[in-house]
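Chain and residue survey
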Amino acid sequence: GQQVMQIPQYQHVQEGEDFTTYCNSSTTLSNIQWYKQRPGGHPVFLIQLVKSGEVKKQKRLTFQFGEAKKNSSLHITATQTTDVGTYFCAGKAGGTSYGKLTFGQGTILTVHP
Amino acid sequence: SAVISQKPSRDICQRGTSLTIQCQVDSQVTMMFWYRQQPGQSLTLIATANQGSEATYESGFVIDKFPISRPNLTFSTLTVSNMSPEDSSIYLCSVEGDILIMNTEAFFGQGTRLTVV
């Protein structure tokens, strides 16, 4: 079945440093989504990437979708303490817009002030 | 975005008993999903619940253990049956596909933290 691998599992940074998490799928994806889960909270949708090579930005967050639509990355510039949480990528199998998401293992980000 | 009310938010249950978790959405949605998440771990899909048809279960999950109802486009329940301590986890309801805006991103309920003793 489809697998989505995400690294690193943990990342500790000093406030102001950059942070990147990477996601790789075993199969071609229809789209990839990114979610953030604060400690004790539920996953919250951040963004969806659909097109090959797509890059989207949200303030200090930059999301990329690979040319082969099998990998993706999330980069945070100049981290802040409010960025703390677990970041998940989640992919949908090729050929489907709706349907189940396969989640990566998540990257737990800790930001030290 | 869809607003999801999931209850109970937490419960402590005796082994051998069953717990039913409810998920109510403020809009009609095509697809509802149930996930399990161990603390500090990723989300594992239990099943997809579509209105008017049987739920579709993922590998490792069976209907007898996790019966699901989806009586209409705004509501679903997940029952954790004959519980054992291994069922202790966070259970999350998720929805996708608002009928009016046809979104493809998922929205999650607040989760149910279940402890089986």
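Below you will find a few notes about this structure. Predicted model only: the values in this text are computed from it and were never measured. (Residues numbered from 1 in each chain as written. Chains lettered and ligands numbered in written order. Predicted model: local features only at pLDDT ≥ 70, side-chain atom pairs only at ≥ 80, totals over all residues. Heavy atoms only, no water.)

1. Details of the interface of chain B and chain A
- Contacts between the two partners involve 21 residues from chain B, matched on the other side by 18 residues from chain A.
- Around 1600 Å² of area is buried between chain B and chain A when both sides are counted, 55% of it from carbon and sulfur atoms.
- On the surface where chain B and chain A come into contact, there are two salt bridges.
- With a closest N to O distance of 2.7 Å, K100 of chain A and E58 of chain B form a salt bridge.
- For the side of chain B that touches chain A, the secondary-structure elements that each account for two or more residues are β4 (29-37), β5 (43-50) and β9 (89-98) of chain B. (Contact = heavy atoms within 4.5 Å. Buried area = accessible area lost by both parts, 1.4 Å probe. Salt bridge = Lys/Arg side-chain N within 4 Å of Asp/Glu carboxyl O. Helix = DSSP H or I, 4+ residues; strand = E, 2+ residues; numbered from the N terminus.)

2. Points about the environment of L46 of chain A
All names here are of chain A.
- Residue placement: L46 occurs in strand β5 (residues 44-49).
- The spacing of L46 and F88 is 42 residues in sequence and 9.7 Å in space, taken between C-alpha atoms.
- Those residues in contact with L46 that lie beyond four places of it in its chain are W34, Y35, K36, Q58, L61, F63 and Y87.

3. Remarks on the state of the cysteines
- As enumerated under the stated definition, the model contains two disulfides over all chains in all.
- Paired by a disulfide, C23 of chain A and C89 of chain A hold their sulfur atoms 1.7 Å apart. The sign of the 60 degrees torsion about the S-S bond sets the C23 of chain A-C89 of chain A disulfide as right-handed. One end of the pair, C23 of chain A, is in strand β3 (residues 19-25); the other, C89 of chain A, is in strand β9 (residues 85-93), with 66 residues separating them in the sequence.
- The exposure class of C89 of chain A is buried, given its relative accessible area of 0%.
- Between the sulfur atoms of C23 of chain B and its disulfide mate C93 of chain B the distance is 1.8 Å. The chirality of the disulfide connecting C23 of chain B with C93 of chain B is left-handed, given an S-S dihedral of about -60 degrees. (Disulfide = S-S within 2.5 Å. Buried < 20%, exposed > 50% of the residue type's maximum accessible area, 1.4 Å probe, protein only.)

4. Some thoughts on the sheet that holds β3 of chain A
Residues and elements named next belong to chain A.
- Pairing within the open sheet is antiparallel, and its five strands lie in the order β1-β3-β8-β7-β6. Strand pairing shows two members of the sheet lacking a second neighbour, β1 (4-7) and β6 (55-58), which therefore form its edges. Averaged over all adjacent pairs, the angle separating strand axes in this sheet is 15 degrees, with direction ignored. (Pairing = 2+ DSSP bridges. Axes fitted to C-alpha atoms, helices over the stretch in contact; angles between N-to-C directions.)

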